[in-house]
Amino acid sequence: MRKPVIAGNWKMYKLLSEAVETALAMKPLVANANHCEVVIAPVFVHLKTISDRLEGSNIKVSAQDCAPEAKQSANTGEVSAEMLKDVGCSHVVIGHSERRQFYGETDESVNKKTKSALSANLTAIVCVGEMLGERESGKAEEVVKTQLLGSLDGLTVSDMERIIIAYEPVWAIGTGKTATPKQAQEMHGFIRQTLTETHGKETSDKIRILYGGSVKPENIKDLMAEADIDGALVGGASLEAESFSKIVNFNG
Ligand code: PGA
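Structure report, in brief. Every chain begins its residue count from 1, and numbering advances along the sequence as written. The predicted nature of this model means local features are confined to residues of pLDDT at least 70 and side-chain atom pairs, given and counted, to a pLDDT of 80 or more, with totals for whole chains, interfaces and linings taken over all residues. Derived side-chain values reflect all non-hydrogen atoms in the structure, with water molecules and hydrogen atoms excluded from consideration.

1. Notes on the site of the ligand
We define proximity as follows: a residue is near a molecule or strand when any one of its heavy atoms falls within 4 Å of that partner. Lys 11, His 96, Glu 168, Gly 174 and Ser 214 are the nearest of the 13 residues found near the ligand. Identification of polar contacts relies on pairs of N or O atoms within 3.5 Å, with a donor-acceptor requirement for protein atoms, meaning one able to donate a hydrogen and the other able to accept it, and with residues adjacent in sequence counted only if both atoms are side-chain atoms. Between an oxygen atom of the ligand and a side-chain N or O atom of Lys 11, the distance comes to 2.7 Å. The contact in question runs from an oxygen atom of the ligand to an N or O atom on the backbone of Gly 174, over 2.6 Å. Expressed as a share of its isolated accessible area of 280 Å², the protein-covered part of the ligand is 95%. Site definitions follow a grid-based scheme: protein atoms alone, a 1 Å grid, a 1.4 Å probe that fits but cannot get out for cavities, and for pockets an open set with protein on both sides within 12 Å along at least five of seven lines, plus lining residues having an atom within 4 Å of a point. For a molecule to be placed in a cavity or pocket, more than half of its atoms must lie within 2 Å of the grid points of that cavity or pocket. More than half of the atoms belonging to the ligand lie within 2 Å of the grid points that define the second largest pocket. Residue composition of the shell around the ligand, by class: four nonpolar, seven polar and two charged. Method for areas: the Shrake-Rupley scheme with a 1.4 Å probe, in which residue coverage is limited to the protein chains shown. Polar here means any residue other than Ala, Val, Leu, Ile, Met, Phe, Trp, Tyr, Cys and Pro, which are nonpolar, and Asp, Glu, Lys and Arg, which are charged; Gly is therefore polar.

In structure tokens, the structure reads:
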């Protein structure tokens, strides 16, 4: 049985006081959610404060990116996976489509960052997903497969057990246009089949594959009913404690 994961990606929203307020408001609302893992991803400079304030709760803290380089080194502006672990993170989002589109992230850099995250004992949430034009021209599966193979290149079976995949069709992010549960399930099934080809069925059966793209309290239940959807990576609807907690408590 795969334990679902509901992760909130706060992107570049919230000042520190707002982030603390939202995190504290979430705490009691998700405290009984034993059916899933709950993760929130604030910006780098809030991680230490948020993880301190959430200590002892069931909310885990994730970063939104990490450096490709694992060692402490001369890399101005970068933050290593080890540093994230050191301030209380358990997870890191890697290769989000906004980073791929606007910050030059490639499958190669995603691969390096994923390896760095694993070497620091973080769980890597590796994002993949096609653009609208790619879907319309029938290339969605090909694009996602290329992203998966490049991003996960060289990872062992035991590495894969510490990875979460997030499928986020770019056309559904922040647009209010969710993939239908059927569209999402088709791609999740394809992703799992690809992981079976690369790492075997025993491993692929264990990997959580999250859906992301306009997930809301109103659509989470139908998405979660699909066989290969093991949770969600939530942007906009994770910014408010109430809507995020409704998504977390999708089983209620
Ligand atoms: P959204 O963002 O839920 O606002 O569409 C999802 C994401 O970017 O992870």
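The structure having been displayed, the exposition proceeds.
2. Remarks on the layout of surface pockets
Grid points are joined across faces, edges and corners, and a volume is the space filled by probe spheres set on the points. Reported here for the largest pocket is a volume of approximately 500 Å³. What lines the largest pocket is a set of 15 residues, among which Lys 11, Met 12, Gln 64, Arg 99 and Tyr 103 lie closest to the centre. For helices the rule is a DSSP run of H or I covering at least 4 residues; for strands it is a run of E covering at least 2, with both sets numbered from the N terminus onward. Take the lining of the largest pocket: its biggest share by element is three residues, from helix H4 (residues 97-102). Among the residues forming the lining of the largest pocket, the class breakdown is eight nonpolar, three polar and four charged. Each pocket or cavity is described by its volume, and for the second largest pocket that value is around 170 Å³. For the lining of the second largest pocket, the class distribution of residues is five nonpolar, nine polar and two charged.

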